[in-house]
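Structure assessment
Okay, here's what each chain looks like letter by letter:
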Amino acid sequence: MFRKIFLVLFLATLNLSVAQKADVAYNIGEKYNDKYKYSNLLAIADDGQGGTVIVRAYYTGIVLKPKGYFIEHYNEDLELLSEFNYKLKNANFVDAYIKNGQAYLLFLEYNYDRMAYEYQVHRSPYTDYQFTKETILTIPSDPVAEPLDRNYYNRNFSSGFTTSVLFNDEKSAFAITTHFKKGKNNQHYIHVFDAGLNKLMEHDFSAEVEEKNYAFETITFSEDFSNVYLVGKAYFKKKRFNATERKFQYEMVRVSSTGGTTQSFYTPGKFPEALKPIFKGKELLCLGFYADRKDNRYNGISYFKMNPRTLEIESQKFNPFSEQFMKDKFGREDDKTLKNLVFKGMNITSKGNILFNAEEYFTSTSTQANSSGGRVLVTRYHHNDIVSAKLSGEGDLIWARNINKTEVTQGDGAYASYSSLTKDDTTYFFISTSAENPQQLSDERIMFKQGLSRNRNVFLIKLDENGRMNYEKVIDDTDARLPLMVSKPYIDKLHDELLFYAKRGSKKQLVQVAVK
């Protein structure tokens with residue numbers, strides 16, 4: 001009897017293991033030599049023929065400095081077709097993308113002859129490398145210390161000139177905002193381009209900045225690109241505040257060729273956070289989190305349904321986090337709260353439900369001794385828990401789950417964090433860790449830690465349509481010897497595949513993962 005019971009349990013375990021392994025299949029490409037040990041992945045995209053194009057910035061020298069950009073082209077079998085070294089020193093890089101058979105590099109440079117800032121684009125076909133340069137926007141201004149706003153969440157409006165760039169998720173269009181102030185001259189413009197660098201519209205936003213300064217964080221476009229929607233914080237300049245009020249409020253701005261419209265998100269006792277716009281068919285939604293107090297501690301999920309033309313709020317809902325969610329995150333502790341959440345993915349399912357996920361992200365600094373006996377300031381980047389939620393099409397919370405995770409890095413953040421893919425009503429999360437297994441915190445809680453080994457395993461965490469979670473190791477560190485840049489894959493939603501770039505030192509390869 002004991003042997004029969006053991007055999008049944010063994011077969012059940014084996015079948016479960018096979019079922020879990022059947023969720024994904026992976027293909028590891030050939031390893032190639034690479035002459036640039038230090039680099040950052042800037043863009044990865046398909047080439048329209050089943051292949052892949054990758055753009056990296058590389059650094060050389062005893063004191064590492066950016067020296068140029070490296071473009072790689074792979075075929076559908078993950079084989080390297082070509083490489084090109086675009087040597088370019090002292091350039092002020094903004095962003096990169098791959099569209100229309102070309103690689104695009106966007107820079108912000110200062111022209112001392114014109115006394116103006118210039119947005120310049122360097123682009124080249126990746127089948128016949130030949131870079132050309134063009135200026136798409138010129139803004140007269142005196143030079144300032146940090147014109148480009150690289151941190152949407154901590155803006156400095158006192159320098160006299162500030163500018164930012166926001167791309168949509170597909171990198172098919174982008175907006176450049178420019179705010180120039182000198183004396184009584186206070187100008188704020190919004191310039192909109194498609195990926196082919198055609199200017200779609202320009203909007204004078206100067207009237208709005210007489211009372212408020214704007215720090216836009218997220219963006220989306222209508223299907224025909226005739227309307228662009230920007231969401232961010234509007235900071236009041238002169239308004240008096242009491243202890244329960246904030247110095248800013250979230251607002252949405254719609255811009256078209258005929259003008260603009262602004263809508264604020266203001267509900268007494270509720271403070272929206274990290275709002276992101278998205279279209280659900282022809283419905284314009286804005287989703288995010290909210291706090292019950294002004295100190296950006298998140299208490300739940302906010303939902304706004306808006307008129308795409310007037311921006312009138314047609315319905316709004318504030319869903320508090322469930323008891324199950326708080327247990328996932330904190331166990332039995334009741335005095336802890338969420339903050340610093342950054343959106344990572346949002347999808348509309350075939351049933352009209354809304355699935356989205358975010359990550360707790362923050363930075364910390366400390367001083368430490370260097371090799372010469374001096375002290376240097378070190379910045380660390382923390383990528384912690386994953387928050388995942390499912391809402392109905394009407395904005396009601398169906399479930400929310402927390403995946404405990406802790407990672408910190410001083411270097412390339414592409415190796416940390418996670419990536420996600422949604423298929424039907426199931427979300428698949430991919431994380432990279434040196435640990436062999438997650439830490440068991442309690443019966444229902446586990447913690448993924450980054451571990452200490454140089455080699456990395458890839459874990460798959462699966463949340464099904466009911467929010468039930470399971471996990472498994474899908475790529476062992478003995479199979480993929482190079483660490484994957486797990487947070488920057490190319491995601492092929494049509495075929496439910498992810499393509500990861502893996503690199504360490506002078507070796508590189510591609511890893512393709514398919515969700516079945």
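Data block above holds the structure.
Reading guide: rules and limits
Residues numbered from 1 in each chain as written. Predicted model: local features only at pLDDT ≥ 70, side-chain atom pairs only at ≥ 80, totals over all residues. Heavy atoms only, no water. Salt bridge = Lys/Arg side-chain N within 4 Å of Asp/Glu carboxyl O. Buried < 20%, exposed > 50% of the residue type's maximum accessible area, 1.4 Å probe, protein only. Helix = DSSP H or I, 4+ residues; strand = E, 2+ residues; numbered from the N terminus. Pairing = 2+ DSSP bridges. Axes fitted to C-alpha atoms, helices over the stretch in contact; angles between N-to-C directions. Core = buried A, V, L, I, M, F, W, Y, C linked by side-chain atoms within 4.5 Å. Contact = heavy atoms within 4.5 Å. Arc of directions from axis to C-beta. Phe/Tyr/Trp six-rings, centres within 6.5 Å; stacked < 30°, edge-to-face > 60°. Lys NZ or Arg CZ within 6 Å of the ring centre and 35° of its normal.

Side-chain pairs of opposite charge can arise where the charged atoms are in close proximity. In total, this model carries 27 salt bridges according to the counting rule given. A salt bridge links Lys-280 to Glu-283, with the shortest nitrogen-to-oxygen separation between them at 3.7 Å. You can call Lys-280 buried: its relative accessible area is 19%. Classification of Glu-283 as partly exposed rests on a relative accessible area of 27%. By sharing partners, the salt bridges in this structure join Asp-34, Arg-56, Glu-72, Glu-83, Lys-503 and Lys-508 into a single network.

Turning our eyes to something else, we now look at the pairing of strand E5 (residues 65-74). With respect to burial, E5 is a largely interior element, 7 of its 10 residues being buried. For strand E4 (residues 52-60) and E5, the ladder comprises 9 bridges, and the chain directions are antiparallel. Pairing of Ala-57 across the sheet is with Tyr-69, part of E5. Linkage of E4 to E5, two consecutive antiparallel strands, is achieved through a turn of 4 residues, within which Gly-61 is found at a positive phi near 105°.

A separate point is the sheet that holds strand E17 (residues 248-256). Strand order in the open sheet formed by 4 strands is E15-E16-E17-E18, with antiparallel pairing between adjacent strands. A strand with exactly one partner marks an edge of an open sheet, and here the two such strands are strand E15 (212-221) and strand E18 (259-265). Sheet twist, expressed as the average angle between the axes of neighbouring strands with direction ignored, equals 25°. Pairing between E15 and strand E16 (residues 228-236): 9 bridges, direction antiparallel. Across the sheet, the residue bridging to Tyr-214 is Ala-234, located in E16.

As a further point, take the nonpolar core. Of all hydrophobic cores here, the largest spans 23 residues; its most connected members are Leu-106, Tyr-119, Ile-136, Val-165, Phe-174 and Ile-176. Elements with a contribution of two residues or more to this core: strand E7 (93-99), strand E8 (102-111), strand E9 (116-125), strand E10 (132-140), strand E11 (161-167) and strand E12 (173-182). With 4 residues, E8 is the largest single contributor of residues to this core. Here Phe-174 is in contact with Tyr-97, Ile-136, Val-165, Leu-166, Phe-167, His-191, Val-192, Phe-193, Asp-194, Leu-197 and Phe-221, once residues within four sequence places are set aside.

With that settled, the discussion passes to the pairing of E9. With 9 of 10 residues buried, E9 lies mostly within the body of the structure. Pairing of E8 with E9 involves 10 bridges; the strand directions are antiparallel. Across the sheet, the residue bridging to Leu-108 is Tyr-119, located in E9. Linking E8 to E9, which pair antiparallel, is a turn of 4 residues; within it Met-115 sits at a positive phi near 55°. Bridge count for E9 against E10 is 8 bridges, and the pairing is antiparallel. In the sheet register, Gln-120 faces E10, and the bridge partner there is Thr-135. Connecting E9 to the next strand, E10, in antiparallel fashion are 6 residues.

To continue, consider unusual backbone geometry. Phi at Ala-274 takes a positive value of approximately 50°, unusual for a residue other than glycine. If you trace the backbone, Ala-274 turns up in strand E19 (residues 271-280). Residue classification places Ala-274 among the buried positions, given a relative accessible area of 11%.

For an α-helix the count is 3.6 residues per turn, leaving residues at separations of three or four pointing the same way. Every buried residue belonging to helix H2 (residues 323-330) is among Phe-325, Asp-328, Lys-329 and Phe-330, and all of these are buried. All buried residues of H2 project into a common sector of 160° when viewed along the axis, lining one side. Considering only its buried residues, H2 is in contact with strand E24 (354-369), strand E25 (375-391) and strand E26 (397-409). Backbone geometry just downstream of H2 places Gly-331 in the positive-phi region, at approximately 70°.

Here we come to the packing of aromatic side chains. All chains considered together, the criterion is met by 37 aromatic pairs. Seen from their ring centres, Phe-205 and Phe-216 are 6.1 Å apart, and the 55° between their planes marks the pair as tilted. Of this pair, Phe-205 sits in the loop between strand E14 (199-204) and E15 while Phe-216 sits in strand E15; the two residues are 11 residues apart in sequence, bridging distant segments of the chain. Comparing Phe-205 with Phe-216, the two get one shared label, buried. Judged by centre distance (5.7 Å) and plane angle (65°), the rings of Phe-448 and Phe-459 are edge-to-face. Placement of Phe-448 in strand E30 (residues 446-449) and of Phe-459 in strand E31 (residues 457-463) is noted, with a sequence separation of 11 residues between them. One exposure class covers both Phe-448 and Phe-459, and it is buried. The lysine or arginine in question, Lys-171, covers the ring of Phe-167, its NZ or CZ lying 4.9 Å from the ring centre. Over the face of the ring belonging to Tyr-418 we find Lys-344, whose NZ or CZ atom lies 5.2 Å from the ring centre.

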